[in-house]
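Each chain, letter by letter, is given below.
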Amino acid sequence: MHTRSLLCCLFWFAGCGFLSAAETVPPSASASPVFEADVRPILKAHCWHCHGEADHVEGGLDTRLARWLHEGGDSGAAIEPGDHESSLLYQRIADGDMPPGEKQLTAAELETIAAWIDSGATTARPEPETFTEAALFTEEERSHWAFQPIARPEIPATEHPELLSTPIDAFLLARLETEQLSFAPEADRATLVRRLYFDLVGLPPEPDELARIMADNSPDWYEQLVDRLLASPAYGERWGRHWLDVAGYADSDGYTSKDIPRPWAWRYRDYVIRAMNADRSWRELIVEQLAGDELSEPPYKNLTPEQAEALIGTGFLRMAPDGTGDSAADKNTAINDVLAETVKIASTAMLGLTVGCAQCHDHRYDPISQKDYHRFRALFEPAFDAKNWRTANARLISLWSDETRARAAEVAKELKAVNEQRSQELDKIVAETFERELAKLPEELQADARLARETDPKERTDAQQKLIKEYPFLNVNPRTVYLYLPDRLRGFNKKWDERRAEVESRRPEEDLVHCLTEVPNQVPKSFVFVRGDFNQPSDEVVPGPLTVLGREEVSIPVDDPELPTTGRRLAYAQYLTDGRHPLVARVLMNRFWMHHFGRGIVATPGDFGVLGEPPSHPELLDYLADEFMRRDWRLKPLQRMMVLSTAYRQTSRHRAEHDAVDPDNRLLGRMPVRRLEAEAIRDAVLSASGQLVHQVYGKPSPVAPDEVGQIVVAVDTRDSAGRPTGKHVDIGGDEFRRSVYVEVRRTMPLGVLEPFDAPVMAPNCELRVSSTVAPQSLLMMNSPFLVAQAAKMAERVVREAGSEPEAQLRAAWRLAYAREPSPEEVASGVQFLGGGDAGESAAAAEAEGKAASLSLTNLCQALLCSTRFLYIE
């Protein structure tokens, strides 16, 4: 017996005792299926829900241990070792009786169970006498690759060390060489430049920048370019957008059709962009995003810039859809859903695990129990206290200092005085108006009229009411006096409006944070919910990490006496970033790698569990994770290593010998071709047209439906019934800011982004799809936005290249593709610009006083619609 199996047996003997109704054999003794590794996962996925986990075990049969299958339930033994056809378990599954419902076992799963029974229904090791929490996970589950400590591997030797530029290349080339393959040739300079620009800053190079780069003869031109782009402010906008996907960033609550706006969510977006540009340590960023509020003390006044930034970081935990502000939603359900979706975001982002799948029952595939789920959820419950729920506005924290508050109070006091003075002067005007109008009445009526005005309306006699109806001026008041003195009131209102505006202009601008905080000394209890139903709490739980990942020395406080908050999230964040957690650094580096190479080393970035894909290069992933932590958890040094690698600089052209062995390019024997993301496409279009506005940070550019219902960048001018009013509000340059600064409304995705797989935040986006569908082409050909930008691009071409067709063609080519056209492309393009069916010629356009010919505009739109524009080689 293997030493590990022997130790496991001794553990059970000492801790629990063991019974062995099923014969125990070591895993290596036979090629036949073994219960723990092969059969148990099938039963866990399909049977445990009714036969093991619930308080009432159906048919008296518990399928969680092999010996219980031998013992059987109400109908007798479930298996007959050596004879699957006589085994009740096999019969019920094969007949389709079990499991109930549409989801049945696959033929392969049924065959595995049959083979296991026929081989004697063995286990790899003795089973426990009772099914305790410790018995919930098998050795096989605990030994899953992603749960093992990160170990720095040796850099492998290769047959062709001259091809290595960075350690990354050694891992990739060594794997390629096992298949008698190697790297592809290096891509040409123009291809590398465009690739780098879009990967690092999400924009194409401007023509003058491109010309300088192409003319640079220095041997380290590429390294210099990499460093310039990593230092560009646009870098943070590009890479911030990647993390915002994972965080589920949105400027609205979603959940219901009301989709309530979040006017201060943009602060978290800016926090992420700033952090990326500053290359802040991800160790710090993780702590701030999970527990930034616990780094300072409530009530969060007079914060330092660092404390304020940390508080803003907790916006990460406020990104989940939230229906608690909409009276149409069931409040208790909505509260529970906020917590459930927050758990999903935090676990997929930080752990790369689908912890949310254990909300109602033990995870069907990964070693995550339902109790684990609720322990994980308990980390956040003091801040999301369901019994003492706080509305979104009640959670806002002002960053005003005492000095700013005093200034605001002074302005408010002055504004109150202005309003009081206005009210007094208006009352004087009203009184003067009344006396003037009263004097026009017959003298014998004036006393009665004055009395009628001064009498409480509820106590007026019929005669007084008749008098007021006959002479309406008797009811003159501040709201109606303008009817008698329109010119005077117009001037009066203009003069206090101006005064009021002047005073209000001195009021400090609101400075609020959409963040997560706890209420001191308010510590709710946490429970496991039966079947995930919050109305059925059962066992009380305390906060803690996932059992399969926990360490004995790790302790998460229920309520840390040293802190004004519970300290739960802070302790957990510190545990995640202590350098010994097996998942966090792997998950982060896998995501970063994915955005450079088109696919992660683990192709399922949000699922490192059993159902996720195993890593294509596990040693490389561990090397990157370890190097990342050694470099203080900073991204840019690792990115520099990636983009300087031989692997990154390869051409993307296919080679027959490579495709025959590795058709999916998992071994990276060439650079994959990737389509630009939705935001990068829009930004590239605006860049080509010269309309892109580089205004950083701040409130988002608003979105609204246009007259046909298409969502565009515009102020919403619909009436209260949601009908278009035809009004247009000029928002200036806000219309053409980078897409990362465009408002993200969950129910109103920007029309120009949606067909190109813009992320759907439900609750977050772990991995974007890259589809090819007809609406994409229709958008590029017919969208008013694209048509207008093509015209602007044509005007830019004329400004920069003049009216000569070949110069125009070359300029348009550089704007769209960041490279020079080939002689054949020049010839066909010049012919196209000559007129004919394409539209009037440049000469004809000039004669008619047009900025650009129709043929040039059509050419520009064709370039923007092309595959070469939409994809990175």
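Here the structure is a predicted model, which means the values were calculated and not measured. (Residues numbered from 1 in each chain as written. Predicted model: local features only at pLDDT ≥ 70, side-chain atom pairs only at ≥ 80, totals over all residues. Heavy atoms only, no water.)

1. Structural notes on the overall build of the protein chain
At step 1: For the protein chain, the helix and strand inventory stands at 34 helices and ten strands.
At step 2: Based on the C-alpha atoms only, the size of the protein chain along its principal axes is roughly 120 × 80 × 55 Å.
At step 3: Expressed as a percentage of its 873 residues, the buried residues of the protein chain come to 53%.
At step 4: Sequence-distant contacts, at least 24 apart, represent 70% of the contacts inside the protein chain between residues at least 6 apart.
At step 5: As displayed, the protein chain has an accessible area near 39,200 Å², and 52% of this comes from carbon and sulfur atoms.
At step 6: Taken as two groups, the 98 positive and 137 negative side-chain charges of the protein chain have centres that lie 7 Å from each other. (Helix = DSSP H or I, 4+ residues; strand = E, 2+ residues; numbered from the N terminus. Buried < 20%, exposed > 50% of the residue type's maximum accessible area, 1.4 Å probe, protein only. Contact = heavy atoms within 4.5 Å. Areas by Shrake-Rupley, 256 points an atom, 1.4 Å probe, with all protein chains shown as cover. Lys, Arg positive; Asp, Glu negative; His and termini not counted. Charge placed at Lys NZ, Arg CZ, Asp CG, Glu CD.)

2. Points about the side chain of Thr517
At step 1: Checked against the element boundaries, Thr517 lands in the loop between β4 (512–513) and β5 (526–529).
At step 2: Beyond its immediate chain neighbours, meaning those up to four positions away, Thr517 contacts Asp293, Tyr300, Leu311, Ala383, Arg390, Arg395 and Ile397.

3. A short note on the side chain of Arg745
At step 1: Residue placement: Arg745 occurs in the loop between β9 (711–713) and α28 (774–782).
At step 2: Within polar-contact distance, the side chain of Arg745 engages the backbone oxygen of Asp259 at 3.1 Å.
At step 3: If we ignore the near neighbours within four places in the chain, the residues touching Arg745 are Asp251, Ser252, Lys258, Asp259, Pro261 and Val703. (Polar contact = N/O pair within 3.5 Å; in protein donor to acceptor, adjacent residues only side chain to side chain.)

4. Structural notes on the nonpolar core
At step 1: In terms of nonpolar packing, the biggest core is built from 174 residues, with Trp243, Tyr268, Trp282, Phe316, Leu351, Leu353 and Trp593 touching the most fellow members.
At step 2: Looking at this core element by element, the count peaks at nine residues for helix α15 (residues 331–350).
At step 3: Not counting residues up to four positions away in its chain, the partners in contact with Phe316 are Trp243, Ala247, Tyr268, Gln289, Leu290, Ile345, Ala346, Ala349 and Met350.
At step 4: Among the nonpolar cores identified, the runner-up in size contains 27 residues, and Phe35, Ala66, Ala78 and Ala114 belong to it. (Core = buried A, V, L, I, M, F, W, Y, C linked by side-chain atoms within 4.5 Å.)

5. Some points on the packing of aromatic side chains
At step 1: Taken as a whole and assessed by the stated rule, the structure comprises 21 aromatic pairs.
At step 2: Here Trp145 and Phe608 contribute two aromatic rings whose centre-to-centre distance is 5.5 Å and whose plane-to-plane angle is 40°, an arrangement assigned as tilted. Pair noted here: Trp145 is in the loop between α6 (139–142) and α7 (167–177) and Phe608 is in the loop between α23 (584–597) and α24 (618–630), with a separation of 463 residues, a long-range link.
At step 3: On the accessibility criterion, Trp145 (23% relative accessible area) is partly exposed. (Phe/Tyr/Trp six-rings, centres within 6.5 Å; stacked < 30°, edge-to-face > 60°.)

6. Comments concerning a negative patch on the surface
At step 1: Residues Glu80, Asp83, Glu85 and Asp118 make up a contiguous surface patch of negative charge.
At step 2: Mapping Glu85 onto the fold places it in the loop between α3 (66–71) and α4 (88–94). (Patch = residues over 30% accessible without salt bridge, like charges linked within 9 Å, V, L, I, M, F, W, Y side chains within 5 Å. Salt bridge = Lys/Arg side-chain N within 4 Å of Asp/Glu carboxyl O.)

7. Quick look at helix α30 (residues 805–817)
At step 1: Taking 1.5 Å per residue, 13 residues should reach 18 Å; α30 reaches 18 Å between its end C-alpha atoms and fits that length.
At step 2: Burial in α30 covers these residues: Gln808, Leu809, Ala811, Ala812, Trp813, Leu815, Ala816 and Tyr817.
At step 3: Of the residues that open α30, the one with a side-chain oxygen 3.2 Å from the backbone nitrogen of Glu806 is Glu804.
At step 4: Where α30 ends, the next residue or the one after it, Ala818, has phi of about 55°, a positive value. (Expected span 1.5 Å × (residues − 1).)

8. Side note on the packing of helix α13 (residues 282–291) against helix α22 (residues 568–576)
At step 1: Packing of α13 against α22 leaves a shortest axis separation of 9 Å and a crossing angle of 155°. The orientation of α13 relative to α22 falls into the category roughly antiparallel. Seen from above, α13 lies across α22 with right-handed handedness. Note on element contacts: α22 touches α13 through Arg569, Leu570, Tyr572, Ala573 and Leu576, opposite Ile286, Val287, Leu290 and Ala291.
At step 2: Looking at the contact of α13 with α22 residue by residue, the classes come out as eight nonpolar, no polar and one charged. (Axes fitted to C-alpha atoms, helices over the stretch in contact; angles between N-to-C directions. Parallel < 35°, antiparallel > 145°, perpendicular 65-115°, else oblique. Left-handed = near helix turned anticlockwise from the far one by under 90°. Nonpolar A, V, L, I, M, F, W, Y, C, P; charged D, E, K, R; others polar.)

9. Observations regarding unusual backbone geometry
At step 1: With omega at -10°, the peptide bond leading from Met98 into Pro99 counts as cis.
At step 2: Mapped onto the elements of the fold, Pro99 is located in the loop between α4 and α5 (107–118).
At step 3: Backbone torsion omega between Ala762 and Pro763 reads -5°, so that peptide bond is classified as cis.
At step 4: Here Pro763 lies in the loop between β9 and α28.
At step 5: One non-glycine residue with positive phi stands out, namely Asp632, at about 60°.

10. Let's talk about the confidence of the model for the protein chain
At step 1: Averaged over all residues, the pLDDT of the protein chain equals 91, while 95% of them reach at least 70.
At step 2: A low-confidence stretch, residues 1–30 stays under pLDDT 50, and its non-local contacts, those more than four residues away or across chains, total 49 contacts. (pLDDT = per-residue confidence, 0-100.)

11. Description of the packing of α23 against α24
At step 1: The interhelical angle for the contact between α23 and α24, taken along N-to-C directions, is 105°, at an axis separation of 9 Å. With respect to each other, α23 and α24 are oriented roughly perpendicular. Contacts between α23 and α24 involve Ala585, Arg586, Leu588, Met589, Asn590, Phe592 and Trp593 from the first element and Leu620, Leu621, Asp622, Leu624, Ala625, Phe628 and Met629 from the second.
At step 2: Taken together, the residues that form the contact of α23 with α24 break down as eleven nonpolar, one polar and two charged.

12. Things to note about the environment of Leu638
At step 1: Mapping Leu638 onto the fold places it in helix α25 (residues 635–644).
At step 2: Look at Leu638 and you get buried, because its relative accessible area is 0%.
At step 3: With 14 residues separating them along the chain, Leu638 and Leu624 place their C-alpha atoms 7.6 Å apart.
At step 4: In this structure, Leu638 is in contact with Met589, Leu624, Glu627, Phe628 and Arg631, ignoring residues within four places of it in sequence.

13. Section: helix α21 (residues 486–504)
At step 1: Its 19 residues give α21 an end-to-end C-alpha distance of 26 Å, which sits within 8% of 27 Å, the value for a rise of 1.5 Å per residue.
At step 2: Of all the residues in α21, the buried ones are Leu489, Phe492, Trp496 and Val503. Buried residues of α21 fall within an arc of 65° about the axis and therefore sit on the same side. Opposite the packed face of α21, turned more than 90 degrees from it, sit the exposed residues Asp487, Arg490 and Lys494.
At step 3: On its buried face, α21 sits against α18 (402–438). (Arc of directions from axis to C-beta.)

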